[in-house]
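Results of the structural survey
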Amino acid sequence: LNYLLLTKIEYMDFYGNTIVEWLIAFIIIISSFFLAKLVYWVCKNIIKRLTKKTKTEIDDLLIDNIEEPFAFSIIIFGFWTAIQFLYTSDVWSSRLENTFYILFSINITWLISRVFTAFITNYLQPLVERTESDLDDQLLPILKKGVNITIWSLGILVGLNNAGINVGALLAGLGVGGIAFAMASKDTIANLFGGLTIFTDHPFKINERVRTKEFDGYVREIGLRTTRIESRFGSEVIVPNNKISNETIENISLEKFRRIDKIIFISNNVHSDKLNLAVELINNVLSGINDIDRSRVGLHDFNEFSFGIRIVYHINKMDNYIKIQDEINQDIIKNFISNDIKFPSRIIQE
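Residues numbered from 1 in each chain as written. Predicted model: local features only at pLDDT ≥ 70, side-chain atom pairs only at ≥ 80, totals over all residues. Heavy atoms only, no water.

1. Some remarks on the overall build of the protein
Helix and strand counts for the protein stand at ten helices and ten strands. In the protein, which comprises 350 residues, the share counted as buried stands at 30%. Contacts in the protein between residues far apart in sequence, at least 24 positions, make up 63% of those at least 6 positions apart. Counting only carbon and sulfur atoms, one obtains 61% of the accessible surface of the protein, whose full area is about 22800 Å². (Helix = DSSP H or I, 4+ residues; strand = E, 2+ residues; numbered from the N terminus. Buried < 20%, exposed > 50% of the residue type's maximum accessible area, 1.4 Å probe, protein only. Contact = heavy atoms within 4.5 Å. Areas by Shrake-Rupley, 256 points an atom, 1.4 Å probe, with all protein chains shown as cover.)

Right, here's the structure in full:
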């Protein structure tokens, strides 16, 4: 009775396949997962130790980037083998075959993309960072993204073609749809052209301080569509390239000097000699600073309360201009106090 029961169960049919056939397919799938895990462990714990003993780093780089796609290919192959033990209709057989073609293409594309990105990061990027020009630093991320997009596009097209999909008709349809897409995404396209303008005209570079009528900060990243700027308050401003390329931009980092133009008011309850002394003291202070030039001092204006002495000078050391300006102001105040030159209690300015 038990034998007849087992025989009956063995030949029971589920979706056109017996329990034994389903069991074999399930065992193959589970085995592929274990085999993939084993291969991944061997690569990580044995092969990597061997490659670390070699002088070159290329083998370490290759093993590190092919182990995951290789393990995934074992799982795909396991599913493919399991399907061969099962009966499927012609329609489902064709669909599954096309699906596996696409999966294999995606896996190979993933492998190529990983290896390419790793070589860029480990070999090309250090070379670019050692060059004096900043242009290659800005172009490398774009090149990296562009080549990756190309690799994935080609990989998906090859997979679809092997799956029996008419890629030519698909591309033709995309071409017609591309016109409508371009019309709908004209702002994005304008930003892309704005990014190209920034790369060709070089109005600013990474880490330079720029200022427009809307923001003031340091350029941290220049992308294809947007430019990221760290404001002087610490926040991040993301500006579309189309907008920033059409605005008047002041590149603060390229300033050769900082022009200071101010008026110092002193009380008019002094003798003319005191006025001349004040001008002389200011000139002496300015002449004692090495990092300024083109200084001019003179009586600019006067009223019933005060004399206005205009001071104009250029600070050449841009990274320290606040300290230099503070030093000048402190010295002027000290000299005025020591020579009894008083500031007015009231100032009238037009």
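2. Looking at the packing of aromatic side chains
Taken as a whole and assessed by the stated rule, the structure comprises four aromatic pairs. The interplanar angle of 80 degrees and the centroid separation of 6.2 Å between the aromatic rings of Phe33 and Phe79 together place this pair among those described as edge-to-face. In this pair, Phe33 is assigned in helix 2 (residues 19-52) and Phe79 in helix 3 (residues 58-84), connecting sequence segments 46 residues apart. Owing to a relative accessible area of 41%, Phe33 belongs among the partly exposed residues under this scheme. Classification of Phe79 by relative accessible area gives partly exposed; the value is 33%. Ring centres of Trp80 and Phe100 lie 5.3 Å apart, and the angle between their planes is 85 degrees; on these two criteria the pair is classed as edge-to-face. Placement of the pair is Trp80 in helix 3 and Phe100 in helix 4 (residues 90-130), with a sequence separation of 20 residues. (Phe/Tyr/Trp six-rings, centres within 6.5 Å; stacked < 30°, edge-to-face > 60°.)

3. Looking at the nonpolar core
Residues Ile282, Ile328 and Phe336 are the most contacted members of the largest nonpolar core, which totals 24 residues. At the level of secondary structure, the elements contributing two or more residues to this core comprise strand 8 (258-267), helix 9 (272-287), strand 9 (292-302), strand 10 (306-315) and helix 10 (321-338). Sort the elements by how many residues they give to this core and helix 9 lands first, with seven residues. Each residue touching Ile282, except ones within four places of it in the same chain, is listed here: Ile264, Val297, Ile309, Ile311, Ile332 and Phe336. Counting nine residues, the second largest nonpolar core, distinct from the first, contains Phe215, Val219, Ile222 and Ile229. (Core = buried A, V, L, I, M, F, W, Y, C linked by side-chain atoms within 4.5 Å.)

4. Some points on the confidence of the model for the protein
Regions with low pLDDT should not have their predicted coordinates read in detail. When pLDDT is averaged along the protein, the result is 77, and 79% of the positions lie at 70 or above. Per-residue pLDDT stays below 50 along residues 179-184; that stretch engages in one contact with residues further than four places along the chain or on separate chains. (pLDDT = per-residue confidence, 0-100.)

5. Re the packing of helix 9 against helix 10
The interhelical angle for the contact between helix 9 and helix 10, taken along N-to-C directions, is 145 degrees, at an axis separation of 10 Å. As helix 9 packs across helix 10, the resulting crossing turns out to be right-handed. In this structure, helix 9 uses Ala278, Leu281, Ile282, Val285 and Leu286 to contact helix 10, whose residues at the interface are Ile328, Asp331, Ile332, Asn335 and Phe336. Split into classes, the residues belonging to the contact of helix 9 with helix 10 amount to eight nonpolar, one polar and one charged. (Axes fitted to C-alpha atoms, helices over the stretch in contact; angles between N-to-C directions. Left-handed = near helix turned anticlockwise from the far one by under 90°. Nonpolar A, V, L, I, M, F, W, Y, C, P; charged D, E, K, R; others polar.)

6. A short note on the environment of Asn269
Relative to the helices and strands, Asn269 resides in the loop between strand 8 and helix 9. C-alpha separation for the pair Asn269 and Phe307, spaced 38 residues apart in sequence, amounts to 9.4 Å.

7. So, a nonpolar patch on the surface
A cluster of nonpolar residues, Leu23, Phe26, Ile27, Ile30 and Phe34, forms a patch on the protein surface that exposes about 520 Å² of accessible area. Overall, Ile27 belongs to the partly exposed group, its relative accessible area being 46%. (Patch = residues over 30% accessible without salt bridge, like charges linked within 9 Å, V, L, I, M, F, W, Y side chains within 5 Å. Salt bridge = Lys/Arg side-chain N within 4 Å of Asp/Glu carboxyl O.)

8. With respect to the pattern of salt bridges
If you walk through the whole model with that rule in mind, you get ten salt bridges. Between Glu236 and Arg228 there is a salt bridge; the shortest N-O distance is 3.2 Å. In the salt-bridge network here, residues are joined through shared partners; they are Arg209, Arg211, Asp216 and Glu250.

9. With respect to the sheet that holds strand 5 (residues 226-231)
Strand pairing in a sheet takes place through backbone hydrogen bonds and is either antiparallel or parallel in direction. If you trace the five strands from one edge of the open sheet to the other, you get 6-5-4-3-7, paired in antiparallel fashion. The strands lining the two open edges of the sheet, one partner per strand, are strand 6 (236-240) and strand 7 (250-251). Alignment of strand 3 (residues 209-211) against strand 4 (residues 216-222), held across three bridges, turns out to be antiparallel. Bridging across to strand 4, Arg211 finds its partner in Asp216. (Pairing = 2+ DSSP bridges.)

10. Concerning the environment of Asn290
Along the polypeptide, Asn290 turns up in the loop between helix 9 and strand 9. Distance from Asn290 to Ile315, taken between C-alpha atoms, is 9.3 Å for residues 25 residues apart in sequence.

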